[in-house]
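Below, each chain spelled out in residue letters.
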Amino acid sequence: MQGLFFYLFGTVAVISALLTITRRDPVTSAFWLIFCFLNVAALFATLSAHLIAVLQILIYAGAIMVFFLFVTMFLGKEKRSAERPNPVVFGVGVLTVGAIAGGLMRLVRSGSHDFGEVGPEHGTIEAVSRLLLSNYLFAFELTGLLLTVAMVGAVLLARREAKGARATRTPAGAPSGPAGVEEVADA
Amino acid sequence: MNEMLTELGYTLGKIGFMLAVILGLLPAMIWAERKGAAYMQDRIGPNRASIGGIFRMGGLVHPIADVLKLVFKEDIVPAGVNRFFYHLAPFLVMVIALTTFAVIPFGDALYLGDKVIKLQVADLNVGVLYILAMTSLSVYGIVLAGWASNNKYSFLGGIRATSQMISYELNMGLAVMSLILATGTVRMDEMVQFQGHLLFGFLPAWGVVVQPLGFILFLVALFAETNRNPFDLPEGESELVSGYHTEYSSLKFALFFMAEYANMIVGAAIVSTLFFGGWQVPWLSTDLLRAHAGPLLTGSAIGATVLSFVFTAATWRHYERFRGRLGDRRELEPLILGILFFALGLATLGYVVFQKPWTIDSAMAAHFATVAQIGSFLLKTVFFAWLFIWVRWTLPRFRYDQLMRLGWTTMLPLALLNFFVTAGVVLLVNS
């Protein structure tokens, strides 16, 4: 049963990831990417990592992709359709992805790392929170600080631009949207 | 194997109940919207459609006529649409609206022999975060519809939906976060259990009592996320024809229409679960309900009897008043309804006299408690569903910049303040 779900969601995730990079229209690509995220979330759920699964949907599929779409839709239609990729760029991309995939495969196959099975309690919200607020407290706080810096930077940039141009009626807080969302989800 | 099948049966039953609640309330909501709007604008509202020329039921037949009309209309697909996404969008909206209901508990755990049945379709460890995740996905159906329709008005509706979503999702999340801090859990069933306590010995510890500001912020954000007036800018028919569903017709339009109401019902269920005690009957915990099931059941049966006879009298008066004035079969409606009410009154009276409900056994008492809790949950849900309609016909629509300013410069600081104050209070109380 577990295996069936793994192959189902895994296959769909890979197919939608391929569709993401082969579609011409960025909006279509974005939708396939969202679909890919949802399937990855389902994979997390089958691994009983419920918190990660929900955060995957809430933050990546829900917040960040909404923002991506918002920006992409604001670009004109002529700017939106992607051009045929430069063959050099394409080649380098394929090589990089191949190298990473090959490295990962070798790492898993070699058995030098023990990916032992964890119990169903491992991914619960209590377990993950306890880890975050004890063993990884420093890294956790540092990430929070980083996001705050990014948010302040975004607001600062928006302010400077607004000062240069005429005072516009765009909401001052809007550019910091996704950073803020992440910040809250982390908090 | 047998064990698994019964388990599956119970789950299917719960899903069936959930669907029955949403799809059963849907036509009632559409009726309430039309009739409520009519009365608020000093009109009579829908009252023409009838069954057999007799039953008009104050317009309750109209939703059936609406559905029949929409089913038989021509399904027009405009030129230049992105076919796959155009057809996907209405289903997506509806599916996400329905799946959100899965984590909402509608009664205390029921004991059948040695089996425990949780009255909740999915008891998730992440609980309320699932609701946030689903509401954040609900925008995609709208964006997809707006973008795939190949229409500038639809497209603008989609863009508005995304930016509205980004702005209000944050406030909603912060309000829920404060509630999580106050109740100390993210699981929906534990949250409802928490709300069964009494504060200072007399006040139910409902979310709205513990988190008054959080409730207001959550409610406003919920209105924005369900795209209901005063935040229905993605539709904005005075500016955008009808926004994201301009190019949809027939059953696909009906799906959008139904999804809006399904979203409202689910939103109402979420508000009543998080902030109004969910299935908790105020002041009556599950144990109290079970212990005093006899008198309570007798009281409700007598109340039902009295109400039935009052309705009988009212319909009879109506019949007397309009007899001979309409001159056709419509006159018979109050008479037939009156007879039905009278029969109902006799039935409940007979139940009280012959079944002696004050002597029920403990197994039946448990069932009575469950039914009372489901009733309490439904009553709260219906009230908040009505609130959506009430607000829509009371307030005008916001302008776009007002919407943004309210979200980012008023609600966000308030939500953050609420969060920090809650954290401080929880720290003080726990130490």
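Numbering of residues starts from 1 in every chain and runs along the sequence as written. Here every chain gets a letter starting at A, and every ligand a number starting at 1, in the order they are written. This being a predicted model, a pLDDT of at least 70 is required before a residue's local features are given, and a value of 80 or more before pairs of side-chain atoms are given or counted; all residues contribute to the totals for chains, interfaces and linings. The basis for the side-chain values is all heavy atoms of the structure; hydrogens and waters are excluded.

Peer 1: Explain the overall build of chain B here, please?
Peer 2: Only DSSP runs of H or I reaching four residues or more are called helices, and only runs of E reaching two or more are called strands; each is numbered from the N terminus. On a plain count of helices and strands, chain B comes out with 15 helices and 4 strands. Counting only C-alpha atoms and orienting by the principal axes, one finds that chain B spans roughly 75 × 65 × 50 Å. A separation threshold of at least 6 residues defines the contact pool for chain B, and within that pool the share at least 24 residues apart is 79%. Working note: accessible area of chain B is about 20,100 Å², and carbon and sulfur atoms make up 71% of it. Of the charged side chains in chain B, 29 are positive and 27 negative, and the gap between their average positions amounts to 8 Å. Whether two residues are in contact is decided by their heavy atoms: any pair within 4.5 Å suffices. A 1.4 Å probe and the Shrake-Rupley method give the accessible areas. Residues count as covered only by the protein chains that appear here. A residue counts as positive if it is Lys or Arg and as negative if it is Asp or Glu; His and the chain ends are not included. Charge positions come from single atoms, namely NZ of Lys, CZ of Arg, CG of Asp or CD of Glu.

Peer 1: What's the story with the layout of surface pockets in this structure? I'm lost.
Peer 2: A probe as big as a water molecule, rolled over the atoms, marks out the empty space that is left. For the second largest pocket, the calculated volume is near 940 Å³. Buriedness for pockets is judged along seven lines, at least five of which must meet protein on both sides within 12 Å for an open set on the 1 Å grid over protein atoms alone, while cavities are sets there where a 1.4 Å probe fits but cannot get out, and lining residues have an atom within 4 Å of a point. Taken together, 31 residues line the second largest pocket, and the ones lying closest to its centre are Leu38, Asn39 and Ile57 of chain A together with Met134 and Leu137 of chain B. At the level of elements, helix 1 (2–22), helix 2 (26–46) and helix 3 (50–74) of chain A together with helix 3 (83–99) and helix 4 (128–148) of chain B are the ones that each hand at least two residues to the lining of the second largest pocket. In terms of residue count, the dominant contributor to the lining of the second largest pocket is helix 2 of chain A (10 residues). Grouping the amino acids of the lining of the second largest pocket by side-chain chemistry returns 27 nonpolar, 4 polar and no charged. Grid points are joined across faces, edges and corners, and a volume is the space filled by probe spheres set on the points. The nonpolar class holds Ala, Val, Leu, Ile, Met, Phe, Trp, Tyr, Cys and Pro. Asp, Glu, Lys and Arg form the charged class, and all remaining residues, Gly among them, are polar.

Peer 1: Sorry if this is basic, but what is going on with the nonpolar core here?
Peer 2: Where a protein is soluble and globular, its nonpolar side chains tend to be buried together. Residues grouped as a nonpolar core are buried Ala, Val, Leu, Ile, Met, Phe, Trp, Tyr and Cys residues, joined through side-chain atoms within 4.5 Å. We call a residue buried when its accessible area falls under 20% of the maximum for its residue type, exposed when it is over 50%, and partly exposed in between, using a 1.4 Å probe and counting protein chains only. Core analysis: the largest hydrophobic core is formed by 127 residues, its most contacted members being Phe31 of chain A together with Phe101, Tyr140, Phe218 and Leu274 of chain B. Not counting chain neighbours up to four residues away, the residues in contact with Tyr140 of chain B comprise Phe31, Ile34, Ala61, Gly62, Met65, Val66 and Leu69 of chain A together with Leu92 of chain B. Counting 7 residues, the second largest nonpolar core, distinct from the first, contains Leu289, Ala293, Ala365 and Ala369 of chain B.

Peer 1: Got a minute to help me understand the interface of chain A and chain B in this structure?
Peer 2: The accessible area lost on association of the parts is a frequent measure of interface size. The partner chain B presents 31 residues to the 34 residues of chain A that form the contact. Accessible area, probed at 1.4 Å, shrinks when two parts are joined; the buried area is that loss added up over both. A combined buried area of about 2,800 Å² lies between chain A and chain B, and 81% of that area is made up of carbon and sulfur atoms. Just to be clear on terms, a salt bridge is a Lys or Arg side-chain nitrogen sitting within 4 Å of an Asp or Glu carboxyl oxygen. Along the contact surface separating chain A from chain B lie 0 salt bridges. Here a polar contact is recorded for every N or O atom pair within 3.5 Å, except that within protein the pair must consist of a potential hydrogen donor and a potential acceptor, and residues adjacent in sequence are included only if both atoms are side-chain atoms. The tally of links between chain A and chain B comes to 2 residue pairs in polar contact (both at pLDDT 80 or more). Elements supplying a minimum of two residues to the side of chain A that touches chain B: helix 2, helix 3, helix 4 (77–80), helix 6 (125–133) and helix 8 (177–186) of chain A. The element that contributes the greatest number of residues to the side of chain A that touches chain B is helix 3 of chain A, accounting for 14 residues. For the side of chain A that touches chain B, the class distribution of residues is 22 nonpolar, 7 polar and 5 charged.

Peer 1: Explanation requested: the packing of helix 8 (residues 212–225) of chain B against helix 10 (residues 250–275) of chain B in the structure shown.
Peer 2: Two numbers describe a pair of packed helices, the interaxial angle and the distance between the axes. Residues and elements named next belong to chain B. Two elements in contact, helix 8 and helix 10, have axes separated by 11 Å at closest approach and are oriented at 170°. With respect to each other, helix 8 and helix 10 are oriented roughly antiparallel. Within the contact between the two elements, helix 8 uses Gly214, Phe215, Phe218, Leu219 and Leu222 and helix 10 uses Gly267, Ile270, Val271, Leu274 and Phe275. Among the residues forming the contact of helix 8 with helix 10, the class breakdown is 8 nonpolar, 2 polar and no charged. Only the stretch in contact is used when fitting a helix axis, every axis being a line fitted to C-alpha atoms; angles between N-to-C directions are given from 0 to 180 degrees. We call two directions roughly parallel when the angle between them is under 35 degrees, roughly antiparallel when it is over 145, roughly perpendicular when it lies between 65 and 115, and oblique otherwise.

Peer 1: Looking at this structure, how should I read helix 4 of chain B?
Peer 2: Because the α-helix completes a turn every 3.6 residues, residues three or four places apart line up on one side. Residue and element names in this part refer to chain B. To estimate how far a helix should extend, the number of its residues minus one is multiplied by 1.5 Å. For helix 4, with 21 residues, the first-to-last C-alpha span of 32 Å sits near the 30 Å given by 1.5 Å per residue. Counting buried positions along helix 4 yields 21 of 21 residues, so the element is predominantly enclosed. A positive phi of about 60° marks Asn150, the residue just after helix 4.

Peer 1: Honestly, a nonpolar patch on the surface in this entry has me stumped. Any pointers?
Peer 2: Residues and elements named next belong to chain B. Surface patches are defined over residues having more than 30% relative accessible area and no salt bridge, joining like charges when they lie within 9 Å and nonpolar side chains (Val, Leu, Ile, Met, Phe, Trp, Tyr) when within 5 Å. Residues Ile51, Ile64, Val67, Leu68, Val71, Phe72 and Leu251 make up a contiguous nonpolar surface patch of about 690 Å² in total accessible area. Looking at the nonpolar patch element by element, the count peaks at 5 residues for helix 2 (residues 62–72). Its place among the elements puts Val67 in helix 2. With a relative accessible area of 48%, Val67 lands in the partly exposed category.

Peer 1: Hey, could you run me through the confidence of the model for chain B in this one?
Peer 2: How sure the predictor is of each residue is captured by pLDDT, a score from 0 to 100. In this model, chain B carries a mean pLDDT of 84, and residues with pLDDT of at least 70 account for 99%. At the level of individual helices and strands, chain B shows its lowest average pLDDT in strand 1 (residues 107–112) of chain B, which scores 75, and its highest in helix 8 of chain B, which scores 89.

Peer 1: Looking at this model, I keep getting lost on the side chain of Ser16 of chain A. Mind explaining?
Peer 2: Residues and elements named next belong to chain A. Mapped onto the elements, Ser16 comes out in helix 1. The exposure class of Ser16 is buried, given its relative accessible area of 1%. If we ignore the near neighbours within four places in the chain, the residues touching Ser16 are Trp32, Phe35, Cys36 and Asn39.

Peer 1: Where do I start with unusual backbone geometry in this structure?
Peer 2: Residues apart from glycine generally show negative phi values, whereas peptide bonds are mostly found in trans. All names here are of chain B. Here Asp42, not a glycine, exhibits a phi torsion of approximately 60°, which is positive. You can see Asp42 is positioned in the loop between helix 1 (2–40) and helix 2. For Asp42, a relative accessible area of 73% corresponds to the exposed category. Within the chain, Ser250 stands out as a residue other than glycine whose phi angle is a positive 55°. Here Ser250 shows up in helix 10. Here Ser250 falls in the buried class, since its relative accessible area comes to 6%.

Peer 1: Can you walk me through the packing of aromatic side chains in this structure?
Peer 2: For any two aromatic rings, the description comes down to two numbers: the centre-to-centre distance and the angle of the planes. All names here are of chain B. Ring pairs shown here join Phe, Tyr and Trp side chains whose ring centres sit within 6.5 Å, with only the six-membered ring taken for Trp; geometry is labelled stacked below 30 degrees between planes, edge-to-face above 60, and tilted in between. Per the stated rule, a full pass over the model turns up 32 aromatic pairs over all chains. Centroid distance Phe223 to Phe388: 4.6 Å. Interplanar angle 35°. Geometry classified as tilted. In this pair, Phe223 sits in helix 8 while Phe388 sits in helix 14 (residues 362–392), placing the two residues 165 residues apart along the sequence. When its relative accessible area of 2% is taken as the criterion, Phe388 is described as buried.

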